[in-house]
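# Chains, contacts and geometry: an overview
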Amino acid sequence: MTVMTPQDEAELAGMIRAADGPLAIRGGGTRSPAATRPVLSTAGLSGIVLYQPGALTLVVKAGTSLSEVEAVLAERNQRLAFEPMDHRPVLGTTGEPTIGGAVAVNASGPRRVQAGAARDFLLGAVFIDGAGTRVRNGGRVMKNVTGYDLARLQAGARGTLGVLTELSFKVLPVPERIATLALPCDDPGRAVAALARALGSPYEVTGAGWDGARVLLRIEGFAASVSYRGGELARLIPGLVHVDEDPWPALRDGRSLAGMARDIWRVSLRASHGAILAARLLEAGAAVTLDWGGGLLWAAMAPGADLRAQMADLGGHATRLRGTGPGPALHPDPAAVAALASGLRRQFDPEGRFAPEA
Amino acid sequence: MELPRPSPLVMERRAEIVARLKAALPADTVIDDPRGLLAYECDALTAYRCPPLAVVLPRSTAEVATALRLCHEMDVPVVPRGAGTSLAGGSLPTADAVVIGVARLTRVLETDYADRLIRVETGRTNLSVTGAVEADGFFYAPDPSSQLACAIAGNIGMNSGGAHCLKYGVTTNNLLGVTMVLMDGTVTEIGGGYMDAGDLDLLSVICGSEGQLGIVTEATLRILPKPEGARPVLMGFGSSRVAGACVSDIIEAGVLPVAIEFMDRPCIRACEAFAHAGYPDVEALLIIEVEGAPAEIDHQLGLIRAIAERHDPEVIRESGSAEESAAIWLGRKSAFGAMGQINDYMCLDGTIPVTELPLVLERIGALSAQYGLGVANVFHAGDGNMHPLILFDANKPGDLELCEQMGADILRLCVEVGGCLTGEHGVGVEKRDLMTVQFAADDLEAQLKVKDVFDPKWLLNAAKVFPLAVTEGRRP
Ligand SMILES: Cc1cc2nc3c(=O)[nH]c(=O)nc-3n(C[C@H](O)[C@H](O)[C@@H](O)COP(=O)(O)OP(=O)(O)OC[C@H]3O[C@@H](n4cnc5c(N)ncnc54)[C@H](O)[C@@H]3O)c2cc1C
Ligand SMILES: Cc1cc2nc3c(=O)[nH]c(=O)nc-3n(C[C@H](O)[C@H](O)[C@H](O)COP(=O)(O)OP(=O)(O)OC[C@H]3O[C@@H](n4cnc5c(N)ncnc54)[C@H](O)[C@@H]3O)c2cc1C
């Protein structure tokens, strides 16, 4: 396949205008299927534009690798608080994930339950739409209600509303201490109940998951505060103990499921419904983990099995990250909402240059 | 400020329009007598007033849908209204518009502590959402100073914030789902009790769209467990510039208070006279609040004090009791009211990068001298959201216009240093004509394209947010 690698926004806009059919936008290509269309790579749109640690803000070009962003922030003891996941283990892809790709899929890790998703830390964006028009929205300040929030709308749009070229973020300090507490538990109902007690407490849990065998809780902050809150949580939930390992990256990336020869699903639903669906899927022989207090369910299902049939009464939505099971990879929205979404896509991409690939 | 000329086509059908609304809705939901309409002629931007053609106050989503469907059929403009506390003229009617208000939709539909959410009808006031869950140890985080009066409807319309948003985020970060009626009467359910959007994140554009995309009748909101405790500290400085520098240093040091509020001397004096909060008489005051268990609070305040000491504070005073804390916040939250008692003022709402605080405060001082109008500064310093209050005399001819010019200069300054026109109050009619300072033509066009999808006839609150010249061919 042809690969186009524009070096700036003007060149990118020209390529979009000159295209005569759909394109495949690629950052690192770590979260995408193999392209069957000409590729528009963001590799040439890379670099830090502005970093002001004292204002907690970072402006960066969209093709910059996540590892570069994370390294730059680490030098000043700051970080991206939304903990973007790494799709390489599950998707078996190689390459370097980009910050643009992370925003395009609103990739958010365990801290979403407390701090928020990629969209919540996004302060502004520049993108080139399907007609080759450059659009700037938002800015680089923490509070901004000037006009409609198109930057956040881009988060999770998977590139269907335009190619992101520049992004600004709120970043946060790295806490002095990070601690993980665990409790043996093989029942998702009991696990989610324990997670709810922790999340309903004032102890500021920043990770709340279940890896199939253990309830996992994370707390972060100043050292004295972390040990105080750890003690209180152990009092609240008898049996919780400190563990030294860091189980969060594995839980975030679905690594315990990645090696199985199965379809991989990611389901966003109400936390208490996470417990219900987990029980149903375990019964049916799936492997399951939970994050976000139960609000995010990962499942490895027999190839072709229809996970959505099990959740019709529960609400929420399921994305098939890997595999070919029945139905589309993305969960269909209700008709009235889908009509709005496709209306927006027609506005920003009238010629279908960025039409969904799968 | 100019409003579009009322459509003669609508005005001459007034009787028919009211009759059709009355025929389709319960009798007491439609107001059309001139005295009744006066109550809806303005919001909190009282300099601008205009009674609407009629007001509809539905009691259900279905009634909202009926009213919208009829207005859509008859090509009648609609202005959605919550509690009418907008400071930007967001809920200001036009003479040819039907105001659809959600004031009667106030029920709590569901509370779920295990899933940490509440579902309410949007006419419910912000404070009474917290009121519904606080006995059980929870609260709804966004806390506009107007929270006793303003409704969730308007909070969503404006993406409102408040003092504690430094830690907890603004409305968009705490909104999980809505029931929204489109202009043609279609009822949509967007989002819900779960966190990620299915396909496009439509809540992003709905929140902060100033009543231009639909009428939100129900909302699912995130609720949080109350912290164990919270304690504010007051710090007084010899100049605004030094206080501003102290704020940047605190942020850079990695301490994240829940709130950092700033007031200068004119504002401090007004608040003190009004609320008797015990504020010291200094040039610049910071109120910084931290949360947690007593030992955690002591630790964080220790770090903050150490940073503040480097800036030679004149006063540092920690709250010693719940009553003192309440008094400190009452003073701050009544700042606008207090200023209003002693002066006419115009309240600005620009945001700047916090690193620019000292520079911007200095330049606001220079503008104040240049225009000969006093300025009182009160703002959310932690996130750079400024509320300079420009003082003027409404009875003095030309003073309001002078004040508006100076306000525009300050907002241009905010944009120039990397900030924006409005951090939480919204654009409304007030900042509408400044939008071209912040946005290029293509940037605005992209926003208009979103409205085209939700409201193809451009009937919903269409005289707001965008300069009239920019929306010319689209508005009816
Ligand atoms: C069908 C499907 C559904 C998925 N659902 C989810 C999900 O719900 N949550 C989740 O976290 N991950 C999801 N993923 C995974 C996701 O696409 C990846 O992990 C991303 O974040 C890796 O960065 P990258 O630079 O390698 O992105 P790439 O693999 O290069 O691109 C990822 C996606 O973002 C788009 N994209 C990349 N860069 C830009 C840019 N600059 N501007 C605009 N668009 C761009 C691409 O077109 C592609 O759609 C899904 C993947 C697929 C195939
Ligand atoms: C003294 C005072 C202090 C204030 N302090 C703050 C503050 O600290 N932080 C802050 O952010 N704001 C503040 N405000 C501004 C104001 O209170 C907020 O903008 C508030 O959210 C408006 O809510 P409302 O219900 O009164 O909305 P309204 O004024 O009725 O409407 C506001 C906007 O929302 C739209 N709207 C209303 N209802 C709906 C609906 N059902 N569906 C869709 N759109 C709708 C309207 O059309 C309008 O554009 C303050 C105002 C005052 C008077």
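The rules behind the values
- Residues numbered from 1 in each chain as written.
- Chains lettered and ligands numbered in written order.
- Predicted model: local features only at pLDDT ≥ 70, side-chain atom pairs only at ≥ 80, totals over all residues.
- Heavy atoms only, no water.
- Phe/Tyr/Trp six-rings, centres within 6.5 Å; stacked < 30°, edge-to-face > 60°.
- Helix = DSSP H or I, 4+ residues; strand = E, 2+ residues; numbered from the N terminus.
- Buried < 20%, exposed > 50% of the residue type's maximum accessible area, 1.4 Å probe, protein only.
- Domains from an automatic or database assignment.
- Near = heavy atom within 4 Å.
- Polar contact = N/O pair within 3.5 Å; in protein donor to acceptor, adjacent residues only side chain to side chain.
- Areas by Shrake-Rupley, 256 points an atom, 1.4 Å probe, with all protein chains shown as cover.
- Pairing = 2+ DSSP bridges.
- Axes fitted to C-alpha atoms, helices over the stretch in contact; angles between N-to-C directions.
- Contact = heavy atoms within 4.5 Å.

Once that is clear, we can look at the packing of aromatic side chains. Scanning all chains against the criterion turns up nine aromatic pairs over all chains. Their ring planes at 65 degrees and their centres at 6.1 Å tell us that A:F127 and A:F348 sit as a pair that is edge-to-face. Of this pair, A:F127 sits in strand 7 (residues 122–128) while A:F348 is found in helix 12 (residues 335–348), placing the two residues 221 residues apart along the sequence. As far as burial versus exposure is concerned, A:F127 and A:F348 are alike and both buried. Their ring planes at 50 degrees and their centres at 6.4 Å tell us that B:F336 and B:Y345 sit as a pair that is tilted. One aromatic cluster is present, formed by A:F82, A:F121 and A:F169 through successive ring pairs.

For chain B, the domain assignment lists domain 1 (8–103 + 452–471), domain 2 (108–225), domain 3 (230–330) and domain 4 (343–416). Of note, the centres of domain 1 of chain B and domain 4 of chain B, computed from C-alpha atoms alone, are 32 Å apart.

This part covers the site of ligand 2. Residue and element names in this part refer to chain B. Surveying the vicinity of ligand 2 reveals 33 residues, the closest of which are P80, G82, T85, S146 and S160. Contact between ligand 2 and T85: an oxygen atom at 2.7 Å from a side-chain N or O atom of the residue. Contacts to ligand 2 include S145, whose backbone N or O atom sits 2.9 Å from an oxygen atom. Bound to the protein, ligand 2 loses 93% of the 980 Å² it would expose on its own.

Below, the discussion takes up the sheet that holds strand 5 (residues 57–61) of chain A. Residues and elements named next belong to chain A. The five strands are arranged 4-5-9-7-8 in an open sheet whose pairing can be described as antiparallel. If you trace the sheet from one side to the other, it starts and ends with strand 4 (48–52) and strand 8 (134–138), each paired once. Taking the axes of each pair of neighbouring strands and ignoring which way they run, one obtains an average angle of 10 degrees across the sheet. Inspection of the sheet shows strand 4 paired to strand 5 by four bridges, in the antiparallel sense. Considered in strand 5, the bridge of Y51 is made with L58. Sheet strands touched by helix 1 (residues 9–18): strand 7, strand 8 and strand 9 (163–170). Its angle to strand 7, the strand with the most contacts, is close to 50 degrees. Helix-sheet contacts for helix 2 (residues 66–75) involve strand 4 and strand 5, and the interaxial angle to strand 4 is about 30 degrees.

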